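Understanding the architecture of this molecule
Spelled out from the first residue to the last, the chains are:
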Amino acid sequence: MGAKTCFHCGLDATSSEIVYDNKSFCCNGCKTVYEIFSANDLGCYYDLQQAPGATPKEIEGKYNFLDNKKIVERLLEFNDENTQIVTLYIPHIHCSSCIWILENLNKLHPSISSSIVNFGKKTVRVNYYTNNFSIKALVKLLSSIGYEPFISLDDYSVGKKNVDRSLIYKLGIAGFAFGNIMFLSFPEYFQVGEYWLEQFKHTFRWLMFTFSLPVVFYCAQDYFISAYKGLKSKLLNIDVPIALGVTVLFLRSTAEIVLDIGTGFFDSLSGLVFFLLLGKFFQQKTYNFLSFERDYKSYFPIGITKITSEGKEESIQVYDIEKGDRLLIRNEELIPVDCILIHGNASIDYSFVTGESNTVSKTSGDKLFAGGKQLNGSIEVDVLKTVEQSYLTQLWSNDVFNKNKEDGFTNLTNAISKKFTITILSIAIFATIFWMFVDASKALNVFTAVLIIACPCAIALAAPFTFGNMLRIFGKLKFYAKNASVIEQLAAINTIIFDKTGTITANKETSIAYEGMALSSTEEVLLKSSLRNSNHPLSRSLYALLQDNDILTLNDYEEHIGKGISATHNNNSIKIGSAPFVGHSSESTTLNTAVHVSTNNTYKGKFTFYNKYRKGLSKLFNKLKKEYDLVILSGDNAGEKENLTKLLPAKTKLFFNQKPEDKLEYIKHHQSSGAKVLMIGDGLNDAGALAQSDVGIAISEDVNVFSPACDAILDASKFNSLYHFIKASKQAITIIKWSFVLSFVYNAIGLYFAVTGQLAPVVAAILMPLSSISIVVFTTVCTNIIGRKLK
Amino acid sequence: MSVIYILLAVSIVVAIAFFVAFVVAVKKGQFDDSYTPSVRMLFEDELIKDKTNKTILTKKD
């Protein structure tokens, strides 16, 4: 027979023995989805892509908050008596089968009228009738077919988001005007003094003038605004010479046609704006499916179950939680506030917060922090603090989160623009003074010509095209940068700070070592059999490690929450768990997680769990150590210190027991002494450090699922390529510098024409696009060569 | 009146017509998602194929 995979989701189905319709399934959930699809003629789902599905999860009661009208109203995009429209984010959307099934939702329920998928954003927009149907029913339907939507506190403000399409409008208008003006100005390029041209040229010129109006006053307005802002804060950014060039072009051209002395430069003017906007558009590559602005709101639930004083369950908004409320946290639900455990077995997964994947067991009376996920049945808790005041969420009130990193950074283009603008202005003034004495009638002509031809179109295009293309290349290699300036800042860093857990350690893997008396084979069998019954993650990892043995039927088995497990078989008893639980007074306190074992009340030994570091970690550090200061800031205890010192280069600084605020302060401190910091982290506890650093990169095992606010997201599988990414960013800077040299050559040629007072519109019309296009070609070819080396 | 005015008028009207079409397209959100439609258009056939498949199956039964 061999290994079988689930027909629905592609997981291993060898041992499940669930066969339906001659197809094997890994679990009943997958089988049910298949049954739903085949009963509704949607079997095509499996033709488009092999094993495209996901196992539906148990969602009992999870979406009860959708009964709350206030919450629902916030989620709906459109709502009248009969129809409602809602857009839901579904992380599982990943292939064409997903699009197909979600756009055929109307076959699954008659009340759904239509649904449209946006693949890039992983959203589905559903239109449905409200008779016998509701958003809750829709969410349940989606979950039952394995497409569980993700509804978070972030969605709370939905409907207020307006899509900004202004750039595409501006680009369209500039292109439209550019093309038409080109056509209209063509006759005058070559035929001078012909009879029919003389007759109609005024019409042509005024038409060009009309077309140029929206270009100057709408398309180019961002440049004027930015130049004004720059001048106000005494900065000569690149937009200053651009705005100056556009203004001079427009004024001189208008003056020329009003006074009937020439055709003006409307063609160059519209071409310039069009190319500049094209560069902006190219640079604006965004990864729709990734969000770089996430804070706790993206992960926190929108509604929660409150137990009223009468003992009734009621769904309330998370923001309405008050101190002293009693809440019910169901299995797999996130704890939204700091609270005290009252009832139930808490087994909290803090991986959102710390990146640490092991769960923590708590007993009633223990304090639970916001951000943990309950994994073991329902619990009841008493609220200690409201959402905004909780330990984790307080981090976001720090000023770093309101700071725009780009503001404080002088990019290469703006750095060069300062010198450039001053040089051009002095050339223009000297040339004008010269012509005042030689031929005063030409003075104004020369002054404007210099400003026109020196308009730094090519310089302004070099960076957007280089970084834009680099961004795409990085994206293909699973390194997703938020914007172009991230690449520029990455090239400038000199200090790299790593978080430990989840960043340099592989999340789900641990290595386990046994210390103590050797276990006899009967003891091993007993150990294995006892572990089999426990769902504790440590038990699971240990169980997976031990060799297969016959499984015994235990006479007695008991799990002591937060302590360990005990079991008996025939006359043998075993205790597995914490040191005090197994009756071992630990003389040597180790900081690592350990599971102790005793049989028949005699202590045997312990299994110690060590972090497993990512493969190639020390190789990467050895490459990086030559150029950068390396630091590890860990929120954990110092248990791994010895291990890390062995693994990493000697000069790597190691810090343990760092709170989120400590990490942030550490980076701030080093930045004040001139360090450019690259922070690499993963959990929400690194969010402050990621925001404070010059470049914050989040490592993610699955880029679609989780990452805190950051500048770039790096797929964990590409962790070892980090050095190459930084190197490539540096090379990108070199490319831009060479493009500047190239555009200076063009400027020198143009300035020759301008200074000698012979700048004809046709020269400007040739030189301007030529320089722009050659820069674009140069940067694109160069970045592609670098990109090829990266692979 | 010279024919050139008519030609100019026609050319500008045509250009503006296309421009208006562009603005309408952007406004309708046609430029918001450039990937999904490329996949969606391949599905029209799938639905028909599905139905024919089914008739074959029912005949066999």
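Cut-offs used in this document
- Residues numbered from 1 in each chain as written.
- Chains lettered and ligands numbered in written order.
- Predicted model: local features only at pLDDT ≥ 70, side-chain atom pairs only at ≥ 80, totals over all residues.
- Helix = DSSP H or I, 4+ residues; strand = E, 2+ residues; numbered from the N terminus.
- Buried ≥ 20, exposed ≤ 12 C-beta atoms within 10 Å, placed from the backbone.
- Contact = placed C-beta atoms within 7 Å.
- Domains from an automatic or database assignment.
- UniProt positions renumbered as here; feature names shortened; annotations may be inferred.
- Pairing = 2+ DSSP bridges.
- Core = buried A, V, L, I, M, F, W, Y, C linked by C-beta atoms within 7 Å.
- Nonpolar A, V, L, I, M, F, W, Y, C, P; charged D, E, K, R; others polar.
- Axes fitted to C-alpha atoms, helices over the stretch in contact; angles between N-to-C directions.
- Parallel < 35°, antiparallel > 145°, perpendicular 65-115°, else oblique.
- Expected span 1.5 Å × (residues − 1).
- Bend = angle between axes of the 7 residues up to and from the residue.
- pLDDT = per-residue confidence, 0-100.

Looking now at the overall build of chain A. When its secondary structure is counted, chain A shows 24 helices and 28 strands. A burial count over chain A gives 42% of its 791 residues as buried. For chain A, restricting intrachain contacts to residue pairs at least 6 apart in sequence, the fraction spanning at least 24 positions comes to 66%.

Take the overall build of chain B next. Across its full length, chain B carries three helices and zero strands. Starting at the N terminus and ending at the C terminus, chain B contains elements arranged as α-α-α. Considering chain B as a whole, with its 61 residues, one finds that 0% of them fall into the buried category.

Domains assigned within chain A are domain 1 (1-55), domain 2 (64-151), domain 3 (300-333 + 337-389), domain 4 (479-506 + 615-730) and domain 5 (507-613). The distance between the C-alpha centroids of domain 3 of chain A and domain 4 of chain A comes to 31 Å.

UniProt's entry tags residues 6-26 of chain B with the feature "transmembrane region" (unreviewed entry), counted in the numbering of this structure. The span residues 6-26 of chain B carries 100% helix and 0% strand; its end-to-end C-alpha distance comes to 30 Å.

As a further point, take the sheet that holds strand β14 (residues 373-374) of chain A. Hydrogen bonds between backbone groups are what pair the strands of a sheet, and the pairing can be parallel or antiparallel. Residues and elements named next belong to chain A. In space, the three strands of this open sheet follow the order β12-β11-β14, with antiparallel pairing throughout. Edge positions in the open sheet fall to β12 (359-362) and β14, since each of these has one partner strand only. Where strand β11 (residues 346-349) and β14 come together, two bridges link them in antiparallel fashion. Within β14, the residue paired with I348 across the bridge is Q374.

What follows concerns the UniProt feature "domain: HMA" (unreviewed entry) in chain A. The UniProt record marks residues 84-150 of chain A with the feature "domain: HMA" (unreviewed entry), using the residue numbering of this structure. For residues 84-150 of chain A, the helix share is 27%, the strand share is 30%, and the end-to-end C-alpha distance is 19 Å.

Attention now moves to the nonpolar core. Residue and element names in this part refer to chain A. Counting 121 residues, the largest nonpolar core has V246, V273, V450, I453, I487 and A712 as the members making the most contacts within it. Among residues more than four places away in sequence, those in contact with V273 are A174, V215, C219, A220 and V246. One finds Y63, W100, V124 and F300 within the second-largest nonpolar core, a separate group that totals 63 residues.

Further remarks concern the UniProt feature "transmembrane region" (unreviewed entry) in chain A. Per the UniProt record, "transmembrane region" (unreviewed entry) is annotated on residues 167-186, 206-224, 236-255, 261-282, 420-438, 444-467, 735-755 and 761-786 of chain A. Here residues 236-255 of chain A is 85% helix and 0% strand, with 28 Å between the C-alpha atoms at its ends.

Let us now look at the sheet that holds strand β15 (residues 379-383) of chain A. Strand order in the open sheet made by the six strands is β8-β7-β9-β15-β10-β13 (chain A), with antiparallel pairing throughout. The outermost strands of the open sheet, each flanked by one partner alone, are β8 (313-317) and β13 (367-368) of chain A.

All right, on to the interface of chain B and chain A then. Tallying the contact residues gives 16 residues for chain B and 18 residues for chain A. The greatest single-element share of the side of chain B that touches chain A, amounting to five residues, is contributed by helix α1 (residues 3-27) of chain B. Along the lines of polarity and charge, the residues of the side of chain B that touches chain A split into nine nonpolar, one polar and six charged.

What follows concerns the pairing of strand β20 (residues 564-569) of chain A. Residues and elements named next belong to chain A. Here five bridges tie strand β19 (residues 556-560) to β20, and the two strands are oriented antiparallel to one another. The residue bridging Y557 from the neighbouring strand is A567, located in β20. With six bridges connecting them, β20 and strand β21 (residues 572-577) associate as antiparallel partners. Across the sheet, the residue bridging to G564 is G577, located in β21.

Another aspect to go through is the packing of helix α10 (residues 266-283) of chain A against helix α24 (residues 761-790) of chain A. Residue and element names in this part refer to chain A. Between α10 and α24, the least distance of the axes is 9 Å, while the angle of their chain directions is 10 degrees. Put simply, α10 runs roughly parallel to α24. For the pair formed by α10 and α24, the contact residues are D267, S268, G271, L272 and F275 on the first element and P761, A764, A765, M768, P769 and S772 on the second. When the residues that make up the contact of α10 with α24 are grouped by side-chain class, the tally is seven nonpolar, three polar and one charged.

Once that is clear, we can look at helix α12 (residues 412-438) of chain A. Note on helix geometry: an α-helix contains 3.6 residues per turn, so any two residues three or four positions apart are oriented the same way. Here α12(A) is 27 residues long and its end C-alpha atoms lie 39 Å apart, about the 39 Å a rise of 1.5 Å per residue gives. Helix geometry: α12(A) is bent most strongly at A:K418, by close to 25 degrees.

So, on to the confidence of the model for chain A. Chain-level pLDDT for chain A is 80 on average; 88% of the residues reach the 70-or-more range. Averaged over each element, pLDDT in chain A is lowest for helix α11 (residues 351-354) of chain A (67) and highest for helix α8 (residues 221-232) of chain A (90).

With that settled, the discussion passes to the environment of A:E388. Along the polypeptide, A:E388 turns up in the loop between β15 and α12. Measuring from C-alpha to C-alpha, the distance between A:E388 and A:Y319 comes to 8.4 Å, with 69 residues separating the pair along the chain.

Right, let's talk about unusual backbone geometry for a bit. Residues and elements named next belong to chain A. Backbone geometry places D260, a non-glycine residue, at a positive phi of 55 degrees. Locating D260 in the fold gives a position in the loop between α9 (239-258) and α10. Under the C-beta neighbour-count criterion, D260 is labelled exposed, with 9 such atoms within 10 Å. Although it is not a glycine, K478 sits at a positive phi angle of roughly 65 degrees. By the secondary structure assignment, K478 is in the loop between α14 (457-476) and β16 (479-481). By C-beta crowding, K478 is classed as partly exposed, having 15 other C-beta atoms within 10 Å.

Here we take up the confidence of the model for chain B. Counting all residues, the mean pLDDT for chain B is 72, and 69% of those residues have values of 70 or more. Quick note on the complex model: pTM equals 0.74, ipTM equals 0.76.

In summary, the side chains of a regular strand alternate between the two faces of the sheet. All names here are of chain A. Both strand β3 (residues 76-79) and strand β4 (residues 83-89) contribute to a ladder of three bridges, which runs antiparallel. Paired with N79 across the two strands is Q84, which belongs to β4. Hairpin remark: β3 followed by β4, antiparallel, with three residues in the connecting loop.

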